[in-house]
Each structure stands twice: as C-alpha cells, then as structure tokens.
Amino acid sequence: MPNIIALGELLIDFIQNDKDSLYEANPGGAPCNFLAMTKKFGNNPFFIGKVGNDAFGKQLETAIREAGINSCGLVKSSEHATTLAFVHHDSTGERSFSFYRSADSFINEKEIKESFFENKDLFHFGTLSMTNDICKKATLKAIKIAQDKNLTISFDPNLRKNLWDNLGKAKEAFIKGFKMCDILKIADNELQWFTGIDNLNKAIKVLRAKYPIKLIFLTLGKEGSRAYYKDLEVTAPTFLELPCIDTTGAGDSFFGTAISKVFEYGLNSLDKKSLTKSLIFANAAASIVASRKGVIKSLPEIKEIERLAYSHKDWVN
C-alpha cells in the first residue's frame with residue numbers, strides 16, 4: 001500500500017458541548033485528520049510536525065499513534081506550548097476558529113530530515129505551515145526533498161484568514177502550492193477568494209490555465225463536489241439525509257478518501273467512472289464526519305462509507 005507523509009499543524013480542537021456549554025478537547029489539525037483517513041483505507045501514513053512538550057502534546061502523540069500514524073517526524077518543544085483552537089458553530093454547523101498558535105508554527109528547516117521521505121509515495125501539505133518565515137522555510141525544504149525524490153505531491157490550502165498578518169502572503173502561499181502540487185483539494189470559497197471570480201467553472205479555468213495541476217478536487221459543501229482531470233469534469237452529490245452537526249475535518253476526510261481512491265485507480269489512468277466513484281466515496285466520508293463531533297477518533301471505517309455510498313446505487317454505478 002502507498003506510504004503517505006504529511007507536514008503541518010497538530011493541535012487540540014476545543015469543541016463546544018451543546019448540553020452544558022463546556023468545551024471538549026479533541027485531537028485535530030488538517031494534515032493528521034487527512035492521514036488518519038488514509039489509514040482507514042490501508043495506506044501507511046507518516047507525520048512531520050511540532051507540539052509542545054506538555055500534557056496536550058502527549059495527548060496528541062498518543063492519539064495519532066492510536067490512529068495508526070507513524071510519528072517519525074513529530075518534534076516536542078520545550079520552548080513552545082501545543083497549539084490550541086476553539087471551534088465555534090453557527091446554526092448550520094459551519095465553523096469559525098479562535099487560535100492560540102504556538103508550537104506547530106515553529107518547526108524549522110533542521111527538523112526536516114531527508115530520511116523521512118525515503119520510500120514514500122506521496123507528500124501532503126497546506127498553507128498553515130507557511131504563516132511565518134520559520135515554518136515556511138521548513139515547508140519549502142520538505143517540498144524540495146519530495147520533488148527530488150519524485151513523490152506525488154498533494155496540496156490543501158485550508159485557508160484560515162485570522163492566522164495571516166497579511167493576506168497577500170496567504171495568496172503567495174496558495175501560488176507556491178499550486179505550482180508544486182500534482183493533486184489539489186480546494187473549497188469553493190477558497191477558490192473564489194483567490195481568483196476573485198464567483199463563477200466556479202470560470203475560476204477553475206483560470207486556475208488550470210496558469211498552473212499545471214494534474215487533478216483538482218473542488219468541494220461545494222452541501223452541493224457535493226467536482227473533479228477536474230485532463231478534459232474531464234465530474235460532479236457528484238452529497239448525502240443530505242445525514243444531519244450536519246460539525247463540519248470540522250469534513251474536508252480532510254474527503255481528501256484522505258479521494259487520495260486513497262486515486263491511488264487505487266492510478267493517477268495517470270483515471271476516467272469518468274473512477275473519478276465519479278472517488279467523489280461519491282469521498283462525499284460519503286465527509287458527510288459521516290460532519291454528522292459527528294471531533295474528527296480523528298470518529299472517522300468512519302471503510303464498510304460504513306461503502307454502506308452509505310452504495311445506498312445510492314444509481315450514483316455509484
């Protein structure tokens with residue numbers, strides 16, 4: 001099975017308990033959510049990141065190991081505390097975040113070892129590991145090593161505007177990712193923000209004309225998702241029969257599933273049928289995650305995803 005390595009944030013998501021307004025501490029961070037989902041499909045995930053040498057950091061280390069993620073590149077800092085995020089929800093389940101950023105943004109170049117990338121098939125990253133010069137240099141070093149070793153590269157921008165002191169720098173990070181990735185997952189609002197174009201198909205055309213990305217997954221919330229590959233454009237609906245309680249990690253579980261299906265079918269031999277199946281399974285995983293609280297410990301098993309996907313045989317077949 002493929003060996004998948006990701007770099008980025010590992011943190012504690014504090015999610016509000018509706019019953020008594022208390023917050024529950026859940027392991028989180030987009031790269032590890034993504035990796036944990038790929039593990040469900042039998043892939044071999046590895047993580048590079050930084051947490052504090054504190055109780056939360058130890059909780060996170062235990063959580064990712066229990067999820068089957070190899071923590072070869074996990075650094076525990078005595079200088080910086082583990083990053084915390086407080087997740088707030090509106091009536092539709094959509095989120096806003098309050099971050100107490102620390103350890104994850106201080107991973108540095110020296111902590112990125114070439115040996116981490118030996119015998120790997122895919123490298124995954126986002127923009128949160130480029131919000132300051134220290135972690136940006138580390139991320140660019142990781143990308144360079146991945147390129148030199150001919151790894152497939154996947155990119156999920158995962159825009160969090162309040163973590164950037166300058167949104168121009170955020171756009172620069174998007175551009176670096178677009179230039180370097182083979183596979184992109186981008187949300188509709190991120191695409192519109194980056195391009196300034198409300199019409200999504202026009203925005204995708206602009207993006208594809210400028211950046212040689214082999215495969216693009218576009219997530220559309222309750223409207224489902226699309227995939228763009230060579231001259232193909234495929235759309236698949238989502239599963240609205242499930243309640244939307246907490247969308248935290250839905251995009252990560254979508255992409256972890258989609259990547260797993262791409263490896264199953266082969267990046268260079270995708271067709272309309274395989275792309276449609278990839279989207280349906282990814283939408284199913286995301287819908288299940290959005291119907292629960294927390295991410296890593298509540299990710300669905302393959303059988304649960306398959307059961308939901310095949311409940312709409314007209315979509316899958």
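Residues numbered from 1 in each chain as written. Predicted model: local features only at pLDDT ≥ 70, side-chain atom pairs only at ≥ 80, totals over all residues. Heavy atoms only, no water.

1. Thoughts on empty space enclosed by the protein
A water-sized probe, rolled over the atoms, reveals where empty space remains.
Part 1 of the reasoning: Enumeration over the complete set of coordinates arrives at one cavity of 30 Å³ or more.
Part 2 of the reasoning: In this structure, the largest cavity spans a volume of roughly 80 Å³.
Part 3 of the reasoning: Mapped by element, the contributors of at least two residues to the lining of the largest cavity are helix H1 (30–40), strand S8 (122–125) and helix H7 (250–265).
Part 4 of the reasoning: When residues in the lining of the largest cavity are grouped by element, the largest group, three residues, is from H1.
Part 5 of the reasoning: When grouped by side-chain class, the residues that make up the lining of the largest cavity number seven nonpolar, four polar and three charged. (1 Å grid on protein atoms, 1.4 Å probe; cavity = no way out; pocket = protein on both sides within 12 Å on 5 of 7 lines; lining within 4 Å. Points joined across faces, edges and corners; volume = space filled by probe spheres on them. Helix = DSSP H or I, 4+ residues; strand = E, 2+ residues; numbered from the N terminus. Nonpolar A, V, L, I, M, F, W, Y, C, P; charged D, E, K, R; others polar.)

2. A few points about the pairing of S8
Part 1 of the reasoning: Across the two faces of S8 the burial is the same, with Leu122 and His124 and Phe123 and Phe125 all buried.
Part 2 of the reasoning: Alignment of strand S1 (residues 3–7) against S8, held across three bridges, turns out to be parallel. Directly across from Ile5, in S8, lies its bridge partner Phe123.
Part 3 of the reasoning: Here four bridges tie S8 to strand S9 (residues 152–155), and the two strands are oriented parallel to one another. Across the sheet, residue Phe125 finds its bridge partner in S9, namely Phe155.
Part 4 of the reasoning: Handedness of the crossover is the feature at issue here: the chain leaves S8, passes through helix H3 (residues 133–148), returns alongside S9, and the resulting connection is right-handed. (Buried < 20%, exposed > 50% of the residue type's maximum accessible area, 1.4 Å probe, protein only. Pairing = 2+ DSSP bridges. Right-handed = clockwise from strand over helix to strand, strands pointing away.)

3. Details of the packing of aromatic side chains
Part 1 of the reasoning: For the structure on display, the rule yields 16 aromatic pairs.
Part 2 of the reasoning: Geometrically, the ring pair formed by Phe14 and Phe56 is edge-to-face, given 5.8 Å between the ring centres and 85° between the ring planes. Of this pair, Phe14 sits in strand S2 (residues 11–16) while Phe56 sits in helix H2 (residues 55–66), and the two are 42 residues apart along the sequence.
Part 3 of the reasoning: Ring geometry for Phe86 against Tyr100: centres 5.7 Å apart, planes inclined by 80°, an arrangement best described as edge-to-face. (Phe/Tyr/Trp six-rings, centres within 6.5 Å; stacked < 30°, edge-to-face > 60°.)

4. Side note on the packing of H7 against helix H8 (residues 272–290)
Part 1 of the reasoning: One can describe the packing of H7 onto H8 by two numbers: an axis separation of 8 Å at closest approach and a directional angle of 150°. Considered as vectors, H7 and H8 are oriented roughly antiparallel to each other. As H7 packs across H8, the resulting crossing turns out to be right-handed. Residue-level contacts link Ala250, Ser253, Phe254, Thr257, Ala258, Lys261, Val262 and Tyr265 of H7 to Ser274, Lys277, Ser278, Leu279, Phe281, Ala282, Asn283, Ala285, Ala286, Val289 and Ala290 of H8. (Axes fitted to C-alpha atoms, helices over the stretch in contact; angles between N-to-C directions. Parallel < 35°, antiparallel > 145°, perpendicular 65-115°, else oblique. Left-handed = near helix turned anticlockwise from the far one by under 90°. Contact = heavy atoms within 4.5 Å.)

5. Focus: the nonpolar core
Part 1 of the reasoning: Residues Leu215 and Phe217 are the most contacted members of the largest nonpolar core, which totals 53 residues.
Part 2 of the reasoning: The leading source of residues in this core is H8, at eleven residues.
Part 3 of the reasoning: In contact with Phe217, not counting residues within four places along its chain, are Ile183, Leu184, Lys185, Ile186, Arg226, Ala227, Phe254, Phe255, Ala258, Val262 and Leu279.
Part 4 of the reasoning: Judged by nonpolar contacts, the second largest core, of 42 residues, contains Phe116, Ile186, Phe194 and Leu207. (Core = buried A, V, L, I, M, F, W, Y, C linked by side-chain atoms within 4.5 Å.)

6. Quick word on the packing of helix H4 (residues 167–180) against helix H5 (residues 188–195)
Part 1 of the reasoning: H5 packs onto H4 with a crossing angle of 110° between their chain directions and a minimal axis gap of 11 Å. When the axis of H4 is compared with that of H5, the two are roughly perpendicular. Two secondary-structure elements touch here, H4 through Leu167, Ala170, Lys171, Phe174, Ile175 and Phe178 and H5 through Glu190, Trp193 and Phe194.
Part 2 of the reasoning: When the residues that make up the contact of H4 with H5 are grouped by side-chain class, the tally is seven nonpolar, no polar and two charged.

7. Quick notes on the layout of surface pockets
Part 1 of the reasoning: There is about 170 Å³ of room inside the second largest pocket.
Part 2 of the reasoning: Taken together, Met130, Thr131, Asn132, Asp133, Lys136, Trp164, Asp165, Lys169, Glu172 and Ala173 form the lining of the second largest pocket.
Part 3 of the reasoning: Those elements that provide at least two residues to the lining of the second largest pocket are H3 and H4.
Part 4 of the reasoning: Counting residues per element, the lining of the second largest pocket draws most heavily on H4, at three residues.

8. Some details on unusual backbone geometry
Part 1 of the reasoning: Even without being a glycine, Asn119 presents a positive backbone phi close to 60°.
Part 2 of the reasoning: Residue classification places Asn119 among the exposed residues on the basis of a relative accessible area of 67%.
Part 3 of the reasoning: The residue Asn158 is not glycine, and still its phi comes out positive at about 50°.
Part 4 of the reasoning: Tracing the sequence through the fold places Asn158 in the loop between S9 and H4.
Part 5 of the reasoning: Given the relative accessible area of 11%, Asn158 is considered buried.

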